[in-house]
Amino acid sequence: MRLSGLALLTSLALCWPRGDAAAQPVDNVGAVDGPGEIVVTAPRRGEAEVPVETEFGEEEIASHGADSIDELLESLAPLIDGSGEEPVILVNGKEIGFDRSILGFPPEALNRIALLKAEDAAHYGHRSGRRVVNLVLKENYASRNIEAAVNWATDGGQYDGALTAGQVAISGATRWNAQARLSIESALRNSARGARPSQAGPIDLVGYVAPVSGDEIDPGLSGLAGVTVGVAAIPGRALAGAPVLADFVAGAGRTNPADPARFETLLPSRRKLSLNLGASRPLGPFTASLSLNASSNHSERLRGLPMASIVIPQGSPWSPFSGDVLLVRPLAGARALRSENSSKSLGLSLTLSGSLGSWRTTLSTSYARSWSTNHLEHGVDTREAQALIDAHVPGFNPYMPWSDRLLRTSGSKSDSESFGGNLSAARPVVDLPAGPMTATLSMTANHNSSGYRSLGGESQEAWDATAYDHLGGELSVSIPVSARGEGELNPLGDLSIDLSAGGQTATGSAFRKQHGAGFTWTPVPPVQVLGSFEHREVVPSSEDLGAPRVETVTRVYDFLRQEVAEPLWITGGNPLLSRGSAQSLSLEVRLRPLGSPLLSVNVGYRSRRGEGGVAPFPELTPAMEAAFPERVVRDAEGRLQMVDARPINIARSRSAELVSSVALRLPTPGARAANTRTADPLRLTFTLNHTWRLESELLTREGVPTIDQLAETGQSRHYLSLQATGGKKGIGGDLRATWSSPAQVRSRHSAGRDYRYRPPLMINAGVFILPGKLWTGAEGIGWLENLKVSLEVENLLDTYRRVTLSDGSVPPGFSRHEVDPLGRTVELSVRKRF
């Protein structure tokens, strides 16, 4: 039967995806001509190879007001997977491997986002039950974007700004993007919050002379001034040459004091520049994706005014006095001590994904290089300054601003280089009654090298270099046990089982085995049950062993001295880490009571047991300092000087928690309005997540007490988060709130001095508008077209974590601005798309 041209065009038009067809896949369309029927099959562009569970169409995507796909996925995370696990990302039905350049694309480049069924993750070579998100791009799209944002604290004192420019282009299966971003943050000084400075003693911006002993500088100066002079400011004439006694008369009895809080910062200034490039195109049977990213970061913290006290001896060419005098002065006026950190990074990745025979393969390679330096100024080298005075060095005027060469400094340099590769291949191996059994083979290889050099004031240590290799492999199979057919009533429903086995090895470690099992069971469509068990003989990763050493000055609370300290904080790899083992168990129930994505409820249990192995360095509490005394360095007076916060070895660990979430989407996804031309429904989403920590214990080494982290280290037992979003054409907003239950830090130094934490209710809110879509008169006004204005408020209630001792008093170091110096912040951003 011949199909007319008009009927063919009508069929193709009907099967083409519509923007409001969320969760309504169109696989084929029938066209009838006379008594016969011809079916024209036209799968939607970018469709995954398995059915979708739900979709987010263009209208729903726009209602979230995100500026990038990365922001959009973060906003949709509670709807994608309430457990918080990062999903697998596909682009037009294909994996992207290490390439993350797609996350920088604007959401307007998306045709839809498809969420696959949990059991279908095995089809792409991943554990059944893991969420898979398919980003379907528009077939043709091009835009340039520029965004400017300013951010400020409502209490003042801190401001920052950012400028972002980017361009994307999509032409069929080929796409590319480029984006550059510059952000600058000003420092927040102690004086802006009335915070107590850590610098002891008075400071002076000019300097003064005082007697070495007694109450009088010089009888002759007292005679000229008419009073006994015990202190005298440095005269301006002394900057040009040796002063005479009369020059000090004008400054007799005077100094030039200043507020020490002006020269210390609660938050450092920061500057960041980043560049991201990405391209993807077909290459034979594969899709090749290449991405390049580079960044440069710099931060600077002020640590007080460097003051010095030296003796100008009698007879010095710079002294008009009859005896020795004490010169007290700053290094160079208002020039403060600094702590500076700079880093640069470069990353490159290449991913090939496609079919090789019957194998669905993904090959990803990556290269990364980073460099970092830090510079720390400790104070004036008074011994060197005194030696210059005593030696009568020509040209050294003790009254003039001094050079930075008289500062005592320390610093370090480090760099790292890494190569990585990952190969994943999956294929169906056996056809079973419930479906094909899929086997997946994955292999990983990494090489990391790093170097470190300490830079002292007068000496420089040799370059300390390390290198580590890591190899791993795993074979997994996904076995469909039972499947419910069209209209069938199967007592088991849909059931699949996953089995895996593999191992890994690293430099200096023998082969370590791992195995696991899991299941995904859907007894009836509204109910899904997932479970997994895994046992791993763990070896430290290349990052844990050989990450570059980085030293920064960090503000922490010192529980021993009950004060805020700024020790040198060391991070990086720890070559002394040893291996261990870990077992994890999880069970989750996912419910859709109404049989649609309108309402979903998740409840899960997770537990982990470890014997030996590696853990990140926790918060420095009394319990942790007692467990790792060798990691903490204090001076003779007990002040915190240095903390080695690199990864630690542990003897045993145990943790268990219950997690639950509720999500609501309105209107029902896939529902069509009666009049699609005029309908513009308000789209709402509500999500509520709860984590209940049942236990969290840590044994650092045999023979010491087990640390109950829920009772001793400030961990909260309950954590709640709420997210609500609403939007329609051209306008929307969101509200995000978090709350944690009270906690405590147990003091091991003094009885009855436990610290009780009361975390705040933290609320963030934001709104956005697109004037060109809201105002009918905007048509034809070019600068309003595709313009978006956003306003974000962080910490809306201006709250902070309150801390009290057992007796109800507030301990030193926990005042309002010492706990959270920034407070409420507001960000205004404007984005223009061309």
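Quick notes on the rules
- Residues numbered from 1 in each chain as written.
- Predicted model: local features only at pLDDT ≥ 70, side-chain atom pairs only at ≥ 80, totals over all residues.
- Heavy atoms only, no water.
- Pairing = 2+ DSSP bridges.
- Helix = DSSP H or I, 4+ residues; strand = E, 2+ residues; numbered from the N terminus.
- Axes fitted to C-alpha atoms, helices over the stretch in contact; angles between N-to-C directions.
- Phe/Tyr/Trp six-rings, centres within 6.5 Å; stacked < 30°, edge-to-face > 60°.
- Buried < 20%, exposed > 50% of the residue type's maximum accessible area, 1.4 Å probe, protein only.
- Arc of directions from axis to C-beta.
- Contact = heavy atoms within 4.5 Å.

## A few points about the sheet that holds strand 27 (residues 550-553)
- If you trace the four strands from one edge of the open sheet to the other, you get 27-30-35-34, paired in mixed fashion. At either end of the open sheet lies a strand with only one pairing partner, and these are strand 27 and strand 34 (632-634). The sheet shows a mean angle of 15° between the axes of neighbouring strands, taken without regard to direction.
- Across three bridges, the pairing between strand 34 and strand 35 (residues 640-644) is antiparallel. Across the sheet, the residue bridging to V633 is M642, located in strand 35.

## Some remarks on the packing of aromatic side chains
- Counted under the stated rule, the structure contains twelve aromatic pairs.
- The interplanar angle of 70° and the centroid separation of 5.9 Å between the aromatic rings of Y557 and Y755 together place this pair among those described as edge-to-face. Placement of Y557 in strand 28 (residues 556-558) and of Y755 in strand 43 (residues 755-758) is noted, with a sequence separation of 198 residues between them.
- For Y557, a relative accessible area of 10% corresponds to the buried category.
- The exposure class of Y755 is buried, given its relative accessible area of 1%.
- Taking 4.8 Å as the distance between ring centres and 90° as the angle between the ring planes, the aromatic pair formed by F559 and Y755 counts as edge-to-face.

## Observations regarding helix 5 (residues 382-390)
- Inspection of helix 5 places A385, Q386 and I389 among the buried residues, and these make up the whole buried set. Summarising the axial view, the buried residues of helix 5 lie within an arc of 100°, below the 170-degree limit, and thus occupy one face.
- Those residues of helix 5 that are buried lie in contact with strand 17 (307-312).
- Note on helix 5: the residue one or two positions beyond its end, H392, has a positive phi of about 50°.

## A closer look at the pairing of strand 8 (residues 140-153)
- Alternating residues of strand 8 divide into Y141, S143, N145, E147, A149, N151 and A153, all buried, and N140, A142, R144, I146, A148, V150 and W152, none buried.
- Examined bridge by bridge, strand 8 and strand 9 (residues 159-171) share 13 bridges and lie antiparallel to one another. Of the residues in strand 9, the one forming a bridge with V150 is G161.
- Taken together, strand 8 and the strand that follows it, strand 9, pair antiparallel across an intervening segment of five residues, in which G156 is found at a positive phi of about 80°.
- Note: strand 8 against strand 47 (residues 825-833), nine bridges, orientation antiparallel. Bridging from a neighbouring strand, V150 pairs with L828 of strand 47.

## Observations concerning the sheet that holds strand 43
- Spatial strand order, 42-43-46: three strands in an open sheet with antiparallel pairing. Edge strands, defined here as strands with exactly one partner in the open sheet, are strand 42 (743-745) and strand 46 (802-805). The average angle at which neighbouring strand axes cross in this sheet is 25°, direction not considered.
- As paired elements, strand 42 and strand 43 share three bridges and run antiparallel to each other. Among the inter-strand pairings, V745 is bridged to a residue of strand 43, identified as Y755.

Function cannot be inferred from these measures alone, as they are strictly geometric.
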